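Chain by chain, the residues:
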Amino acid sequence: MEETERKRWKQKKNPNLSVINNLDDGCLMHIFSFLSPIPDRYNTALVCHRWHFLACHPRLWLRVDRSVKDVSEPGVFPSIETAVSAARPGDTILISAGGNHLASNIQINKPLCLVGGGDVPDETMLLCSRGSDSALEFLSTCKLTNLTVKAELGCCLLHRSGKLTVDSCILQCESDPLDYLSCPIVSRAREHEGFASSVRTKGDGVSVSQTRIEGGAKAVLTDGDLALQRVRVIYSRAYVYFWFDIGHE
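Throughout, residues of each chain are indexed from 1 in the direction in which the sequence is written. Only residues with pLDDT of at least 70 get local features here, since the model is predicted, and only at 80 or more are side-chain atom pairs given and counted; chain-wide, interface and lining totals rely on the full set of residues. The basis for every side-chain value is the complete set of heavy atoms in the structure, and neither hydrogens nor water enter the calculation.

Student: Go over the overall build of the protein chain, please, and point to the residues and values.
Tutor: Each helix and strand counted, the protein chain has six helices and 18 strands in total. The classification of residues rests on relative accessible area computed with a 1.4 Å probe and restricted to protein chains. Under 20% of the type maximum is buried, over 50% is exposed, and intermediate values are partly exposed. Taking all 249 residues of the protein chain together, the buried fraction comes to 43%. For the area figures, the Shrake-Rupley method with a 1.4 Å probe applies, and any residue is considered shielded solely by the protein chains shown. Of the roughly 13,500 Å² of accessible surface on the protein chain, a fraction of 51% belongs to carbon and sulfur atoms. By the criteria applied, helices consist of DSSP H or I runs no shorter than four residues and strands consist of E runs no shorter than two, each listed in order from the N terminus.

Student: Which residues make up the pairing of strand β13 (residues 170-173), and what values do they have?
Tutor: Burial along β13 is two-sided: the face carrying Ile170 and Gln172 and the face carrying Leu171 and Cys173 are both buried. In this sheet, β13 lies alongside strand β10 (residues 148-151) in parallel orientation, the contact comprising four bridges. For Thr148, the partnering residue across the bridge sits in β13 and is Ile170. A strand pair is defined by DSSP finding two or more bridges across the two strands. Judged from the three bridges that link them, β13 and strand β15 (residues 205-214) form a sheet pairing that is parallel. Looking at the pairing, Gln172 lines up with Glu214 of β15.

Student: How would you explain the sheet that holds strand β8 (residues 134-138) if you had to name every residue and give the values?
Tutor: Adjacent strands of a sheet pair through backbone hydrogen bonds, lying either parallel or antiparallel. Across the sheet, which stays open at both edges, the five strands sit in the order β5-β8-β11-β14-β16 with parallel pairing between neighbours. Single-partner strands in this sheet number two, and they are β5 (106-108) and β16 (220-222). Taken over all neighbouring pairs, the strand axes of this sheet differ in orientation by 15° on average, direction set aside. Pairing of β5 with β8, which is carried by three bridges, proceeds in the parallel orientation. Counterpart to Ile108 in the pairing with β8 is Phe138. Every angle, taken between N-to-C directions, lies between 0 and 180 degrees, and every axis is a line fitted to C-alpha atoms, over only the stretch in contact when it is a helix.

Student: Describe unusual backbone geometry, listing the residues and the values that go with them.
Tutor: If you check the backbone angles, Asn105 has positive phi at about 55° while not being a glycine. Structurally, the position occupied by Asn105 is in the loop between β4 (100-102) and β5. At Asn146, a residue that is not glycine, the phi angle is positive and equals roughly 60°. In this structure, Asn146 sits in the loop between β9 (142-145) and β10. Given a relative accessible area of 8%, Asn146 falls into the buried group.

Student: Give me the lowdown on the packing of aromatic side chains, citing residues and values where you can.
Tutor: Think of it this way: a Phe, Tyr or Trp ring, Trp meaning its six-membered ring, pairs with another when their centres are within 6.5 Å, and the plane angle makes it stacked under 30 degrees, edge-to-face over 60, tilted otherwise. Counting across every chain of the model gives two aromatic pairs. When the ring of Phe242 is compared with that of Phe244, the centres are 6.5 Å apart and the planes differ by 75°; the resulting orientation is edge-to-face. Phe242 sits in the buried class, given a relative accessible area of 18%. In this arrangement the basic side chain of Arg212 is found over the ring face of Tyr239, its NZ or CZ atom lying 3.4 Å from the centre. Over the ring of Trp243 we find Arg232, and its NZ or CZ is 4.4 Å from the ring centre. For a Lys NZ or an Arg CZ to count as sitting over a ring, it must be within 6 Å of the ring centre and within 35 degrees of the ring normal.

Have a look at this one:
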C-alpha cells in the first residue's frame, strides 16, 4: 500500500517522468545515448534505480574503478589500461573520482572519450610515474574532459595522430632541475612509417579549452610544421586557463 502511494505521489510531482517511464529499457537507453556523458547522463543516473541501471549500462560507457572487487562485472575495470583495451571505437570511459589512477605509456589507437567522474578535474587524478615517456599516447581521434593528468617526469599527453580534444582539464608537470624533460603536451602529428595505415588520419591536431597547464619547461612542444593557433588566456586569482589549437601551418 505504501509503495503504491509513493508511486502516485511521484507521478503527481512529475507527470512527465511517469510518461517516459512507460518506455521499455531499450528505448530509454537509446535516448540516454544522445546525452553528453558529463553532466547530463551522469545526472540522469541519479533519478531512480532504473535510470541509474540504464544510464550506467556498459553499452553507453565503461567505468574505471580502482576499488572494484568483482572483475566479472560487465563494463567495470580496475585500471584505465584494461578499460582502453576492452573499449570499442567510439566508447566513453568514465574514470572514478578519488585517489590516483596509474597512467603510464597507455597507447590509445581508437576513437575514445575519457571523462573524469568528479565534480571538478582535481577529483580525478591520472598519475604518470618516472621512467615513462607519457601518461597517454594518442594515435586516434579522442577527447579528454574533467581530468587531472600529472607527469612526474615526461609529458602528460603525447599526440601522434588524430584530432585530440582536451576540455576542462588540468595538466601538471614537475618543476625541478630536470623540468626541461617535462612538457604537458607534446604533439608529433605526422606520418610515421612504423604506424599502421588504419591509425593514420587527416586533419591531425590538438584543441585545448578551459585547461590549466602547470610546470615543465614549456607548455607545448611540437614538431615539423605544427604550431600554436588561436591562443587565448584567462587569468583568475589562483590559476591561468588556456584555450588554443595545435595545427599544421
